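Structural overview for review
Listed here are the chains, written in short residue letters.
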Amino acid sequence: MCGIVGYAGPIGGGAKEHSRPIEVVLEGLTRLEYRGYDSAGVAVLDGEGAHVVKRAGKIVNLKEALESEAVSESAVAIGHTRWATHGGPTNENAHPHIGGKQGKLALVHNGIIENFAHLKELLLAEGYEFHSQTDSEVAAHLVARAYDATGNLTTAMREVVSMLEGAFTLLAIHHDEPGTIVAARRNSPLVVGLGEGENFLGSDVAAFINYTSRAMEIGQDNIVTLTADSVDVIDFDGNPVTDSKRYEVEWDATAAQKGGYDSFMAKEIMEQSQAVADTLLGRSEDGKLQLDEMRIDEAVLRRIDKIVVVACGTAANAGEVVKYAIEHWCRIPVEVELAHEFRYRDPVVNEKTLVVAISQSGETMDTLMAVRHAQEQGAKVVAICNTRGSTIPRESDAALYLHVGPEIAVASTKAYLGQITACYLLGLYLAQVRGNLFPDEIAQKMHELQQIPGKIQQVLDGMDQVRDLARRMVDTQSVLFLGRHVGYPTAMEGALKLKEIAYIHAEGFAAGELKHGPIALVDEGQPVFVVVPSPRGRHSLHSKVVSNIQEVRARGALTLVIAEEGDNEVNQFADEVIRIPQTPVLFAPLLSIIPLQVFACELATAKGLDVDQPRNLAKSVTVE
Ligand code: F6R
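Residues numbered from 1 in each chain as written. Predicted model: local features only at pLDDT ≥ 70, side-chain atom pairs only at ≥ 80, totals over all residues. Heavy atoms only, no water.

The next thing to look at is the overall build of the protein. For the protein, the helix and strand inventory stands at 19 helices and 26 strands. Computed over the C-alpha atoms, the radius of gyration of the protein is 26 Å, within 12% of the 25 Å expected from 2.2 N^0.38 for a compact globule of 624 residues. Along the first, second and third principal axes, the C-alpha atoms of the protein reach 75 × 55 × 45 Å. Considering the protein as a whole, with its 624 residues, one finds that 62% of them fall into the buried category. Across the protein, every contact between residues at least 6 apart in sequence was considered, and the portion connecting residues at least 24 apart equals 72%. Of the roughly 22800 Å² of accessible surface on the protein, 46% is carried by carbon and sulfur atoms. Side chains of the protein give 56 positive and 84 negative charges; the mean places of these two sets differ by 5 Å. (Helix = DSSP H or I, 4+ residues; strand = E, 2+ residues; numbered from the N terminus. Rg over C-alpha atoms; globule rule 2.2 N^0.38 Å. Buried < 20%, exposed > 50% of the residue type's maximum accessible area, 1.4 Å probe, protein only. Contact = heavy atoms within 4.5 Å. Areas by Shrake-Rupley, 256 points an atom, 1.4 Å probe, with all protein chains shown as cover. Lys, Arg positive; Asp, Glu negative; His and termini not counted. Charge placed at Lys NZ, Arg CZ, Asp CG, Glu CD.)

Moving on to the sheet that holds strand β25 (residues 558-564). Whether parallel or antiparallel, the strands of a sheet pair through hydrogen bonds between backbone atoms. If you trace the five strands from one edge of the open sheet to the other, you get β23-β22-β24-β25-β26, paired in parallel fashion. The open sheet has two edge strands, β23 (505-510) and β26 (576-580), and neither has a second partner. On average, adjacent strands in this sheet sit at an angle of 20 degrees to one another, irrespective of strand direction. Pairing between strand β22 (residues 478-483) and strand β24 (residues 527-531): four bridges, direction parallel. (Pairing = 2+ DSSP bridges. Axes fitted to C-alpha atoms, helices over the stretch in contact; angles between N-to-C directions.)

Here we take up the side chain of N187. On the secondary structure map, N187 appears in the loop between β8 (177-186) and β9 (191-194). Only 2.7 Å separates the side chain of N187 from the side chain of R372, close enough to count as a polar contact. For N187, the contacting residues outside a window of four places in its chain are G166, A167, Q220, M365, L368, M369 and R372. (Polar contact = N/O pair within 3.5 Å; in protein donor to acceptor, adjacent residues only side chain to side chain.)

Our focus in this paragraph is the pattern of salt bridges. Counted by the stated rule, this structure contains 25 salt bridges. Between R471 and E602 there is a salt bridge, and its shortest N-O distance comes to 2.7 Å. Taken together, the positions of R471 in helix α16 (residues 464-472) and E602 in helix α19 (residues 589-606) put the pair 131 residues apart, joining distant regions of the chain. Residue class for R471 comes out partly exposed when judged on its relative accessible area of 41%. Exposure remark for E602: the relative accessible area of 16% places this residue in the buried category. By sharing partners, the salt bridges in this structure join K267, E271 and K414 into a single network. (Salt bridge = Lys/Arg side-chain N within 4 Å of Asp/Glu carboxyl O.)

Counting 129 residues, the largest nonpolar core has I307, W329, I384, Y424 and F529 as its most contacted members. When residues in this core are grouped by element, the largest group, 14 residues, is from helix α14 (residues 414-434). Among the nonpolar cores identified, the runner-up in size contains 30 residues, and L107, L153, A172 and A184 belong to it. (Core = buried A, V, L, I, M, F, W, Y, C linked by side-chain atoms within 4.5 Å.)

This part is about the site of the ligand. Taken together, 14 residues lie near the ligand, and S359, Q360, S361, T364 and E500 sit nearest. A distance of 2.6 Å is found between an oxygen atom of the ligand and a side-chain nitrogen or oxygen belonging to S361. Within the contact set of the ligand, an oxygen atom lies 2.9 Å away from a backbone nitrogen or oxygen of S412. Look at the ligand: alone it shows 400 Å² of surface, and the protein chains cover 90% of it. Top element by residues in the shell around the ligand is helix α10 (residues 313-330). It accounts for three residues. Of the residues in the shell around the ligand, the class split is four nonpolar, eight polar and two charged. (Near = heavy atom within 4 Å. Nonpolar A, V, L, I, M, F, W, Y, C, P; charged D, E, K, R; others polar.)

Glancing now at unusual backbone geometry. Residue P96 is bonded to the preceding H95 through a cis peptide linkage, with omega at -5 degrees. Note on placement: P96 falls in the loop between β4 (76-82) and β5 (97-99).

Let's shift gears to the packing of aromatic side chains. Applying the stated criterion across every chain, the model contains nine aromatic pairs. Here the aromatic rings of F200 and F208 are separated by 6.0 Å at their centres, their planes lie at 35 degrees, and the arrangement is tilted. Considered together, F200 and F208 belong to a single accessibility category, that of buried residues. Through a chain of ring-to-ring contacts, the aromatic side chains of Y7, F200, F208 and Y211 assemble into a single cluster. Against the face of Y128 rests K101, its NZ or CZ located 4.5 Å from the ring centre. When the ring centre of Y401 is taken as reference, the NZ or CZ atom of R388 above it lies at 5.8 Å. (Phe/Tyr/Trp six-rings, centres within 6.5 Å; stacked < 30°, edge-to-face > 60°. Lys NZ or Arg CZ within 6 Å of the ring centre and 35° of its normal.)

Shown next as structure tokens:
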């Protein structure tokens, strides 16, 4: 939710460096556009003060504006791409905001300042003028005002953060400190990129991956003062912070490019075989499962009597899938709860509860709040996360990273598969630690998991049939998805994909629930996807789902059936059969979701929609 970028280069760098700050910031904003695309803007410092160029709409509008507006030489630049919260997506509400009565400061903000109304009143009474409806402009004026009193941007920022309530990452530049950017963060993301004679700031490493792969995590309630050749960190009390973690980013700029595909989503779907292989890489040695990032004592894990998975959206669907496996292997009750619901009831959680927080971004505010709430009740938290250095794994007791590379498309695909795979590893690890499974059983399951990337590739290679189907169904108004057992969350995830990128009404149901209401939705021609379990597994479940297909077909439904190779029983009841390779029941969700992802992606493309940046959405939801 909102992307921010900062660049600090040498003062008076000369003609070649003249355009670099703006170029770097624009490039970073383009890579962060998935975080929000309601407006975009940049600010530099010129002879008089802060110079801001900003436009409503996507970054392309800002780029056009910059072609006709000369920007003077500046050592620093900051930029912002917005997902609107306070105030509509207009030019005025776009960031950066100018601060102070002389317009010497520019500031960008990610997050929500909850007490902005009260602060705005104070500033209005002092004669400060406002040009936007945002909460952020308050911070711009406050920092400028504090600068007038202290003459130091870092000190000014420190004074202001103590006045703010809510979540924020702030970046500020000031005319009187022409080589400096000061940034502060509380509950919103910020990472430093370390260059040679230049330094960077970004909401995530994608912002500067084109220029450096050396990154530095910035902790909660920290302030960074950045110049071309220095990075100083203090906490909100002014104490120096010397233990900020430095790390090398594992992927390079090509991973964040479309690489010939129509959309990032199409590319990320096709990367899923590799993604799962990467999540599995290096986890098992001598037949024993190793999870390096697990820092929770094994004795504590042995005492656990309940697991609660907290997550939102697709990550929550991943949790619903793995519940079946973890309960089956570890014999521990597993609850899966939407993080925003968990946080605001009175959940029974204590030191015997293991909370598993699943989040691709590691920044989802609802999930972060659930993590904190669980920890307050004494629970241990394991984060299942894709983004290194993000807040949720930093605050958790242990972290298991997906290693699937950057996911740029707003609709999650490869991270979903990575999340499920990582949770399987966690489940097997718990079963190993607690002695629920014998070593040879764990080794067998690991062996089966190792076969999955090859099977994913097989599914991906056969997807032309689904693309064809999607193009034929371009005018569809509503699609239903049915499944039982692990097929049920798969159905929900298939429906979510279609809703969010193709704007088609879609619902995922437990097939057994059909007769209790949803079957009333079925009439002539209603498309219904059905995820059929393996006939080799629990036979009764297979036959029950086959009955469900017949029930909807009898009422005129168009039946689109995802079934295992060799399951010929479904043929007579299906208008279309989409095949997936045979695989153990609990691992089948890693295969059966793929046709549904491809279907949504192709249908949205055929409708001419922006697949990667669907309306009203943002990749990481950093507000509650
Ligand atoms: C849907 C989607 C979202 C996210 C959800 C949680 O395709 O991407 O539903 O899954 O917003 O995001 P993370 O995993 O970053 O916490």
